[in-house]
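Structural description and commentary
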Amino acid sequence: MIDLKYLQKNFDEASAKLLKKGVDTATLENLHERFTSLKEANAPLEEAKAEQNRMSKLFGEYKREGKDMAELKAKVDAKKEQIVGLQATAREAEEALQLVALAMPNFPDDSVPVGANEDDNIELRKVLEPRTFDFEPKEHWALAEINGWIDFERGVKLAKSRFSVLRGEAARMERALINFFLDVNRQKGFEEVCVPFINNSTMLQGTGQLPKFEDDLFKVEGEDLYLIPTAEVPLTNLYNDEILSAKELPILLTAYTPCFRKEAGSAGRDTRGMIRQHQFDKVEMVALSIPEKSDEIFEMMVENASDILTQLGLPHRVVELCGGDLGFSAATTIDLEVWLPGQNKYREISSISNTRDFQARRAKIRYKDGTNNILVHTLNGSALAVGRTLIAIMENYQNEDGTIEIPKVLKKYM
RNA sequence: AGAGAGGUGGCCGAGUGGUCGAAGGCGCACGACUGGAACUCGUGUAUGGGGCAACUCAUCGAGGGUUCGAAUCCCUUCCUCUCUGCCA
């Protein structure tokens, strides 16, 4: 959630920031109004309650002194009636505010480039030169068929479209990649954790998936539970509603989890192959940090993900997202895009974001700095999307006959 | 899943209708004592919101109710523990 006090005091500045993210001023004005309404509704309510509390305390005295209480009771009853009305107004204002506030995306950093969509993203650098083929490189689904690596049909049979089955060497490579990623992350100081793959609505609200993006989530029927769309949810919310001590920060976490996404709104995109699935494996990094250190940690996370791709010998580029392409919770995001020679394109394989205090405010994650409780900064990033890495290896390491070489660093894992 | 017990501050633990945001202890922070430390003594020590402030509202797992007044009584729900069942 954005800082509503900041919004109130610096409306024009806030408005300019959110414009970059595609939020029009009217929406922000609405939020501002509701925040003001709530404050206006709360003031008389609290005053009335204070009066009631004062009067109620008198009862004790009256009783002890044997005084008559009928008159006092009549006064309190009148006050109570007034409170009921004020309470209804305040509650309405509160609910109206929450509705808008929880749907408002994070402010982008000032450094975020202006732009409407991914076409306006800025390539910062390329890492590794794509290899030149002396034959026409195939796409991963063609290679999958030649090698019997991916069973698309039976994945669909077992569940539905956008599910697939990895077989034999592919299944082993999936597992090898997970182990490799976790090992690298652990060496960089991330604590490996193993988390529930199903989280409740409070947690999904904490990281920003709810209430706005419920349509993207698989919900457990009849329960307040959702399949996680990313390990960012359980890892960040590990400290939901906690106050940490400054000395335990930064907290660096990594976990392998499957991720479940409905991909609502992606109908027709990447229907072929394994790029966009309802279920995919990912190894995630999450960091909780003091505000002053989050930029540094962000850089480290980008470097780490890039380094993993380099170790795998996969050409990629580092891209800074423009305001219009930023996710809901992100203040700044860098994507890593891996080269897919079969598609002749760079495709997203990692996305690293600093959400500043946006998620921390929602999830109530603070740390104690002397006497003050301060919101932490939360960061998250993939290191890496496993299925897409598998695809990238298939396409980049293919031979003319369709066979696939194993990257050197993976050999000890297979 | 069925039966019983219970959920209070960082932790332990009192509190069964008013003076309780909450005794006491531990822990922690600061100060005194010490050459330094332990011990001892003193002070402080929940969270969120409103207000320049004095101050004030809310919170004793969560939600609702009774009452002038609820940590305390009632209902619902979640969680934990024990026993039974089931199971990797």
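Everything quoted here is computed from the prediction, not taken from an experiment. (Residues numbered from 1 in each chain as written. Chains lettered and ligands numbered in written order. Predicted model: local features only at pLDDT ≥ 70, side-chain atom pairs only at ≥ 80, totals over all residues. Heavy atoms only, no water.)

Description of the packing of aromatic side chains
Within the structure shown, the criterion is met by seven aromatic pairs. Look at Tyr6 and Phe107: their rings are 5.5 Å apart centre to centre, the planes differ by 80°, and that puts the pair in the edge-to-face class. One end of the pair, Tyr6, is in helix H1 (residues 4–9); the other, Phe107, is in the loop between helix H4 (70–101) and strand E1 (122–127), and 101 residues separate them in sequence. The class of Tyr6 is partly exposed, set by a relative accessible area of 22%. Exposure remark for Phe107: the relative accessible area of 12% places this residue in the buried category. Look at Phe180 and Phe181: their rings are 6.0 Å apart centre to centre, the planes differ by 45°, and that puts the pair in the tilted class. With respect to class, Phe180 is no different from Phe181; both count as buried. (Phe/Tyr/Trp six-rings, centres within 6.5 Å; stacked < 30°, edge-to-face > 60°. Helix = DSSP H or I, 4+ residues; strand = E, 2+ residues; numbered from the N terminus. Buried < 20%, exposed > 50% of the residue type's maximum accessible area, 1.4 Å probe, protein only.)

Some points on the environment of Asp77
Following the sequence through the fold, Asp77 ends up in helix H4. A relative accessible area of 34% places Asp77 in the partly exposed class. The sequence separation of Asp77 and Gln52 amounts to 25 residues, and the corresponding C-alpha distance is 9.1 Å.

Re the domain arrangement of chain A
Looking at chain A, the domain boundaries give domain 1 (4–102) and domain 2 (118–413). Relative placement of domain 1 and domain 2: their C-alpha centres are 42 Å apart. (Domains from an automatic or database assignment.)

Observations concerning the protein's contact with RNA strand B
Within the structure, RNA strand B sits among 19 residues, and Glu46, Ser56, Phe59, Lys73 and Lys368 are positioned closest to it. The contact atoms of RNA strand B, taken as those within 4 Å of the protein, divide so that sugar and phosphate hold 76%. Lys5 places a side-chain nitrogen or oxygen 3.2 Å from a phosphate oxygen of RNA strand B. Ser56 places a polar main-chain atom, nitrogen or oxygen, 2.7 Å from a base nitrogen of RNA strand B. Elements that contribute at least two residues to the surface near RNA strand B include exactly helix H3 (25–65), H4 and strand E13 (365–369). The biggest single contributor to the surface near RNA strand B is H3, with nine residues. In terms of residue class, the surface near RNA strand B is built from four nonpolar, four polar and 11 charged. (Near = heavy atom within 4 Å. Polar contact = N/O pair within 3.5 Å; in protein donor to acceptor, adjacent residues only side chain to side chain. Nonpolar A, V, L, I, M, F, W, Y, C, P; charged D, E, K, R; others polar.)

Observations concerning the sheet that holds strand E4 (residues 191–192)
Note on sheets: strands pair through backbone hydrogen bonds, and any given pair is parallel or antiparallel. An order of E1-E10-E11-E12-E15-E9-E8-E4 is seen for the eight strands of this open sheet, with the pairing classed as mixed. If you trace the sheet from one side to the other, it starts and ends with E1 and E4, each paired once. By the bridge criterion, two bridges tie E4 to strand E8 (residues 251–260) in an arrangement that is parallel. Bridged to Glu191 within E8 is Leu253. In this fold helix H7 (residues 169–187) packs onto E4, E8, strand E9 (279–289) and strand E15 (377–385), with an angle of close to 5° to the strand it touches most, E9. (Pairing = 2+ DSSP bridges. Contact = heavy atoms within 4.5 Å. Axes fitted to C-alpha atoms, helices over the stretch in contact; angles between N-to-C directions.)

Here's the deal with the pattern of salt bridges
Scanning the entire structure with this criterion turns up 22 salt bridges. The salt bridge involving Lys79 is made with Glu51; its shortest N-O contact spans 3.0 Å. Here Lys79 is found in helix H4, whereas its partner Glu51 is found in helix H3, with 28 residues between them in sequence. Assessed through its relative accessible area of 28%, Glu51 is described here as partly exposed. Asp307 is the partner of Lys188 in a salt bridge, and the nearest nitrogen-oxygen pair spans 3.3 Å. Taken together, the residues span a long stretch of sequence, with Lys188 in the loop between H7 and E4 and Asp307 in helix H10 (residues 294–311) at a distance of 119 residues. (Salt bridge = Lys/Arg side-chain N within 4 Å of Asp/Glu carboxyl O.)

Some remarks on unusual backbone geometry
Here the residue pair Leu210 and Pro211 is connected by a cis peptide bond, since its omega of 5° sits within 30 degrees of zero. Here Pro211 shows up in the loop between helix H8 (201–207) and strand E6 (225–227). The backbone of Arg162 shows a phi angle near 70°, a positive value even though the residue is not glycine. With respect to the element layout, Arg162 can be found in the loop between helix H6 (152–158) and strand E3 (165–166). Judged by its relative accessible area of 14%, Arg162 falls in the buried class. Not every positive phi belongs to a glycine, and Asp241 is a case in point at roughly 60°.

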